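Listed below, chain by chain, are the residues.
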Amino acid sequence: NFGKNLIDMCNNIYPLTNTYFKIISNNDLISLLIYTLLPILIFIIFTKILTKYYININSKLKTERKNANYKLGKLKESNQLFALYKKEIKRYFGSIMYVTNTIMGSLMLIIMSFGLLIFGVDKIGQIIEIPTLSKIVSSVMPFVISLFVSLSVTTQASISLEGKNLWIIKSIPVKPIDIFKSKIMVNLTVTVIPILISSTIISLVIKPPLNAVIFMYILPILYAVLTSILGLIINLHFPRFDFKNEIYVIKQSIASMISIFVNLILAIIPLAIYFNVKSNMYVQIVSLLVFILIIISYIYIDKLGTKKFNELN
């Protein structure tokens, strides 16, 4: 009885169930013909109808109707710099190799800040057997954050990655300095947001003096700007357009190696000197020096960098 009820229920869903049951239980030849030929017949009819009306059906499904009373509204436009930035940011995030090889410093910075948030400075100090770690971290953190920032530089390969399409960007009616700015803005997008997040978390965890909190933002951001410009300058002097794989330009080219070395030196030297200097104004002095280097670098790239860019082919 249970089997019969189950078959009746299935037959209500798929009418040929009862026919199939007659085939396997009674060896019914007529049921076998019906079970085999009926689906084939239905398929043939369906195919004939679909072939005749397919274009019409497909067109109606994909066509969107709009009201006839169209009114011209305000047209949106963006300036040249923002348009270049959108192009560069799409190019950056469109390459997984580019992202993974230039964003690690920012990721490590965020991981470090959340590590301090989860475990606490005192706990970490006990693990590495430095009981005064909290006091040390409070004053040295601007330099540590800056060190991580120096590991995330996208501009060291941004000129080379134009490759054979360099002539396109050189032919558009924009100033080379605007092209440089758009590439620098991409690097700042990758670094400044992690700086803001990490500096906020670290400030809440270690509760440093107001002066240290302020320069926990200022010094790393200054480093982000400086390393962006320096990476661009180095790539302008050591471009490589004949690459077969972009990973070579991003990771193994002369420009990328020099850029990583220079940026690390600029970040490590102030950090190393810090432990040998007993001055409450040290972070301010370093910030001023970095700011001066930014001005010099910007003047260089605006004048000589533009000339160098125009000579590239």
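On a predicted model such as this, the values are computed, not experimentally measured, just so you know. (Residues numbered from 1 in each chain as written. Predicted model: local features only at pLDDT ≥ 70, side-chain atom pairs only at ≥ 80, totals over all residues. Heavy atoms only, no water.)

How should I be thinking about the overall build of the protein chain in this particular structure?
Scanning the protein chain for helices and strands turns up 14 helices and 0 strands. Reading the protein chain from its N end, one meets helices and strands in the order α-α-α-α-α-α-α-α-α-α-α-α-α-α. In the protein chain, which comprises 313 residues, the share counted as buried stands at 39%. Taking all contacts inside the protein chain whose residues are at least 6 apart in sequence as the whole, residues at least 24 apart take part in 81%. When the accessible surface of the protein chain is summed, it comes to about 19900 Å², and 68% of that surface belongs to carbon and sulfur atoms. (Helix = DSSP H or I, 4+ residues; strand = E, 2+ residues; numbered from the N terminus. Buried < 20%, exposed > 50% of the residue type's maximum accessible area, 1.4 Å probe, protein only. Contact = heavy atoms within 4.5 Å. Areas by Shrake-Rupley, 256 points an atom, 1.4 Å probe, with all protein chains shown as cover.)

What exactly am I supposed to notice about the packing of helix 1 (residues 2–13) against helix 2 (residues 17–26) here?
Axes are the key here: two packed helices are described by the angle between their axes and the distance separating the axes. Relative to each other, helix 1 and helix 2 sit at 135 degrees, their axes nearing to 8 Å. With respect to each other, helix 1 and helix 2 are oriented oblique. Residues I7, C10 and N11 of helix 1 form the contact with helix 2, whose own contacting residues are T17, N18 and F21. Of the residues in the contact of helix 1 with helix 2, the class split is 3 nonpolar, 3 polar and no charged. (Axes fitted to C-alpha atoms, helices over the stretch in contact; angles between N-to-C directions. Parallel < 35°, antiparallel > 145°, perpendicular 65-115°, else oblique. Nonpolar A, V, L, I, M, F, W, Y, C, P; charged D, E, K, R; others polar.)

Got a minute to help me understand the packing of aromatic side chains in this structure?
The description of an aromatic ring pair rests on the distance of the ring centres and on the angle between the ring planes. Applying the stated criterion across every chain yields a total of 8 aromatic pairs. With a centroid separation of 5.5 Å and 40 degrees between ring planes, the pair formed by Y20 and Y35 is classed as tilted. Placement of Y20 in helix 2 and of Y35 in helix 3 (residues 29–62) is noted, with a sequence separation of 15 residues between them. Pairing Y274 with Y282 gives two aromatic rings, centres 6.2 Å apart and planes at 45 degrees, and the pair type is tilted. Assigned by exposure class, Y274 and Y282 land together as buried. Here a set of aromatic residues connected by ring pairs shows up, and it is made of Y92, F93 and Y98. Of note, K170 hangs over the ring of F309, and the distance from its end group to the ring centre comes to 6.0 Å. (Phe/Tyr/Trp six-rings, centres within 6.5 Å; stacked < 30°, edge-to-face > 60°. Lys NZ or Arg CZ within 6 Å of the ring centre and 35° of its normal.)

Would you explain unusual backbone geometry in this entry?
Non-glycine residue N27 carries a positive phi angle of around 55 degrees. Summarising the element assignment, N27 is placed in the loop between helix 2 and helix 3.

Is there a simple way to explain the packing of helix 10 (residues 176–206) against helix 14 (residues 282–311) in this structure?
Helix 14 packs onto helix 10 with a crossing angle of 115 degrees between their chain directions and a minimal axis gap of 9 Å. Classed by the angle they form, the pair helix 10 and helix 14 counts as roughly perpendicular. Considering how the two elements wind past one another, helix 10 and helix 14 form a crossing that is right-handed. Contacts between helix 10 and helix 14 involve P176, I177, I179, F180 and K181 from the first element and Y298, I301, D302, G305, T306, F309 and N310 from the second. Among the residues making up the contact of helix 10 with helix 14, the classes are represented as 7 nonpolar, 3 polar and 2 charged. (Left-handed = near helix turned anticlockwise from the far one by under 90°.)

I keep staring at the pattern of salt bridges and nothing clicks. Help me out?
Side-chain pairing between opposite charges can occur once the charged atoms of the two side chains come close. According to the stated counting rule, one finds 6 salt bridges in the structure shown. The closest approach of N and O atoms between K87 and E88, which form a salt bridge, is 3.3 Å. Judged by its relative accessible area of 38%, K87 falls in the partly exposed class. Classification of E88 by relative accessible area gives buried; the value is 7%. Linking E246 and R91 is a salt bridge whose minimum nitrogen-to-oxygen distance equals 3.3 Å. Here R91 lies in helix 4 (residues 80–93) and E246 lies in helix 12 (residues 246–252), a separation of 155 residues in the sequence. (Salt bridge = Lys/Arg side-chain N within 4 Å of Asp/Glu carboxyl O.)

By themselves these figures say nothing about function.
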